[in-house]
Amino acid sequence: PIPGDHGMNARWLWQNLPRCTKVLVLDDPQARMSRLEEIGEVQLLASAAQPIAATASAAAIADDPLIVPEDAPGLPVTPAAIEQPAEESADIPAIIETAPPQSGPVTLTMTFTGDSILGSEEKSRKLPESFDSFIAEKGFSWPFSGLYDLLSADDLSIINLEGVLKDDTRGRQQGKLHWFRGPTSFAGILPAGSIELAGLANNHMRDYGIAGHNSTREALKAAGIPYFGYGDTYIHEHQGLKIGFSGIRETIWRQKPQLPGEEIAALKEAGCDYIVYTIHAGKEYSRTHNELQEIIARSIIDAGADIVIGMHPHVVQGIEKYNGGLIVYSLGNFSFGGNLKLTEFDGLAVQVILDFEDRELKETTLKLIPLLTSGTEPANDFRPIPALGEDKERILELVQNDSPELKIEEIMRFKR
């Protein structure tokens, strides 16, 4: 192939190099400025005095890296090669120079929500009470409308997407008890509900094999929703700050316990000021976190993460302060389309409010938001709502019962 008029830029590399080829870009600032003037492009990602050195996967490059939209919500970090199991490989994020960080005070508010399944099981998909049927009747905005005011008022809302987005059943894995799937169009539920980021590190992301995992990624991309976990890392930018995200499920941690440390080191190398790591671990429906959850979470804090957010038990568990970091062991469920008959309706959303001064974290505030996963208990309407009165107090007490070292309050402040 012959490069186009603009030379061998990222788009040419993406179109012509074999998938997963590694590309090392060494930048000559003066030559870059001259070339940009020749072709009439004068917008720069970095100062001409600062060279750019980036390692990237050709499969992940879709646009010229010299031009970045000013309203881009964050910088996606290069994912692991999608043909390989996530437990076997994890690429180092691309290091990209951006505008100098904003000096002075900066506050970032993130809302974390629990396990969500945007779809149904095959056996119940066509029933009138299924998640798919509810969406067909009420529209994409329905699942998160009960907490929309909360989610739309923060800077970043994060969901644990526990299920596949795929338009057929090919690749369904044998030997599982449940297979959760929604059509790819259901990715549109997230922006409709003011969810800006999806975590994929869970035990249902491979219900339909690698094909289902990849289909989910592509559906999220099409909806403008970045993602992380299961071999992918992500960096969100906010007023010059960089917040890194990654996640792991328990079985992968057992196979490669050093993987979180490798991903955290790569995120730090990419300039992250704060690192969030999610874990999908524990015993389902246990009111207390177990020893393995504690080992995994603490090891991730020791590796450099600032906060660990836990998923999977489907019930609310406790909070721990450990070695300068915070651990939230389980948020329970959120919008749970997989099961029509729920046995547990108590859940929790957690807002993490970070106060920085000149890129140094000064204070972390946790705001606990007890919730009910359905507004029509004992039926499941897949629409979480705030818990009030006795329901609210009961859920906070559940958190306290699994938090022996902390006094649990709705608003909790921690220095640094």
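Residues numbered from 1 in each chain as written. Predicted model: local features only at pLDDT ≥ 70, side-chain atom pairs only at ≥ 80, totals over all residues. Heavy atoms only, no water.

S.K.: How should I be thinking about the overall build of the chain in this particular structure?
M.R.: The secondary structure content of the chain amounts to 10 helices and 20 strands. When burial is assessed residue by residue, the chain has 53% of its 416 residues classed as buried. Within the chain, counting contacts between residues at least 6 apart in sequence, those at least 24 apart form 70% of the total. For the chain, the exposed area adds up to about 18,400 Å²; of that, 52% sits on carbon and sulfur atoms. (Helix = DSSP H or I, 4+ residues; strand = E, 2+ residues; numbered from the N terminus. Buried < 20%, exposed > 50% of the residue type's maximum accessible area, 1.4 Å probe, protein only. Contact = heavy atoms within 4.5 Å. Areas by Shrake-Rupley, 256 points an atom, 1.4 Å probe, with all protein chains shown as cover.)

S.K.: How do you make sense of the nonpolar core when you look at a structure like this?
M.R.: Where a protein is soluble and globular, its nonpolar side chains tend to be buried together. Membership of the largest hydrophobic core comes to 52 residues, with the highest contact counts inside it found for F144, L190, A198, L220 and I300. Top element by residues in this core is helix α9 (residues 291-302). It accounts for five residues. Setting aside its immediate chain neighbours within four residues, A198 contacts I159, L161, L190, L220, I225, P226, Y227 and F228. Counting residues in hydrophobic clusters, the runner-up holds 39 residues, among them V106, Y234, V328 and L354. (Core = buried A, V, L, I, M, F, W, Y, C linked by side-chain atoms within 4.5 Å.)

S.K.: Explain the confidence of the model for the chain here, please?
M.R.: The predicted coordinates ought not to be read in detail in places where the model reports low pLDDT. Averaged over every residue, the pLDDT of the chain is 82; residues scoring 70 or more account for 75%. When the criterion is pLDDT under 50, residues 1-6 qualifies, and its contacts beyond four places in sequence or with other chains add up to nine contacts. Segment residues 39-98: pLDDT under 50, and 138 contacts once partners within four positions in sequence are set aside and those in other chains are kept. (pLDDT = per-residue confidence, 0-100.)

S.K.: So what exactly am I meant to see when it comes to the environment of V276 here?
M.R.: Structurally, the position occupied by V276 is in strand β12 (residues 274-280). Given a relative accessible area of 0%, V276 falls into the buried group. For V276, the residues in contact, after removing those within four places along its chain, are M110, F112, I243, G244, F245, S246 and I307.

S.K.: Hey, could you run me through the pattern of salt bridges in this one?
M.R.: Between side chains of opposite charge, pairing is possible as soon as their charged atoms come close. Counted by the stated rule, this structure contains 18 salt bridges. Measuring nitrogen to oxygen at the nearest pair gives 2.8 Å for the salt bridge that ties D273 to R359. Residue D273 is located in the loop between α8 (259-269) and β12, and its partner R359 is located in the loop between β17 (346-357) and β18 (360-372); the two are separated by 86 residues in the primary sequence. We classify R359 as partly exposed; its relative accessible area is 33%. In this structure, E410 and K392 form a salt bridge, with 2.9 Å as the shortest nitrogen-oxygen distance. Placement of E410 in the loop between α10 (389-401) and β20 (411-415) and of K392 in helix α10 is noted, with a sequence separation of 18 residues between them. Classification of K392 as partly exposed rests on a relative accessible area of 22%. One network of salt bridges, in which partners are shared, links E122, R125, D132 and R181. (Salt bridge = Lys/Arg side-chain N within 4 Å of Asp/Glu carboxyl O.)

S.K.: Honestly, helix α3 (residues 131-138) in this entry has me stumped. Any pointers?
M.R.: At 3.6 residues per turn, the α-helix brings residues three or four places apart onto the same side. All of the buried residues along α3 are F131, D132, S133, F134 and I135. Check the buried side of α3 and you find it contacts β4 (105-117), α5 (189-192) and β16 (333-336). G139 occupies a position one or two residues after α3 and carries a positive phi of about 95°.

S.K.: How do you make sense of the packing of aromatic side chains when you look at a structure like this?
M.R.: Counted under the stated rule, the structure contains seven aromatic pairs. Each ring, one from F144 and one from F334, has its centre 5.5 Å from the other, and the planes form 15°; the classification is stacked. Of the two residues, F144 is situated in the loop between α3 and α4 (148-153) and F334 in strand β16; the sequence distance between them amounts to 190 residues. Residues F144 and F334 agree in their burial class; the two are buried. Consider the rings of F228 and F245, whose centres lie 5.4 Å apart with planes at 40°: the pair is tilted. One end of the pair, F228, is in strand β9 (residues 227-228); the other, F245, is in strand β11 (residues 241-249), and 17 residues separate them in sequence. As far as burial versus exposure is concerned, F228 and F245 are alike and both buried. In textbook terms, an aromatic cluster arises when at least three aromatic residues are bridged by ring pairs, as seen for F131, F134, F140, F186 and F382. Note that K138 overlies the ring of W142, its terminal NZ or CZ placed 4.5 Å from the centroid. (Phe/Tyr/Trp six-rings, centres within 6.5 Å; stacked < 30°, edge-to-face > 60°. Lys NZ or Arg CZ within 6 Å of the ring centre and 35° of its normal.)

S.K.: Is there a simple way to think about the side chain of H213 in this case?
M.R.: In this fold, H213 is placed in helix α6 (residues 209-222). The residues touching H213, leaving out its near neighbours within four places in the chain, are L200, M205, R206 and Y230.

S.K.: Teacher, can you tell me more about the side chain of S215 here?
M.R.: Turning to its location among the elements, S215 is positioned in helix α6. For S215, a relative accessible area of 18% puts it in the buried group. Polar contacts involving the side chain of S215 include one to the main-chain carbonyl oxygen of L165, which spans 2.7 Å. Those residues in contact with S215, other than ones at most four positions away along the chain, are L165, K166 and T184. (Polar contact = N/O pair within 3.5 Å; in protein donor to acceptor, adjacent residues only side chain to side chain.)

S.K.: What should I look at first to understand α10 in this one?
M.R.: Over its 13 residues, α10 extends 19 Å from the first C-alpha to the last, a length consistent with the 18 Å expected when each residue adds 1.5 Å. Among the residues of α10, I395, L396, L398 and V399 are the ones counted as buried. Viewed end-on, α10 has its buried residues packed into an arc of 150°, placing them on one side of the element. Exposed residues lying more than 90 degrees from the buried face of α10 are E390 and N401. (Expected span 1.5 Å × (residues − 1). Arc of directions from axis to C-beta.)

S.K.: Quick question: what am I supposed to make of the environment of I252 here?
M.R.: Topologically, I252 is positioned in helix α7 (residues 250-255). Taking the relative accessible area as the measure of exposure, I252 reaches 4% and is therefore buried. A C-alpha to C-alpha distance of 9.9 Å links I252 and N203, two positions 49 residues apart in sequence.

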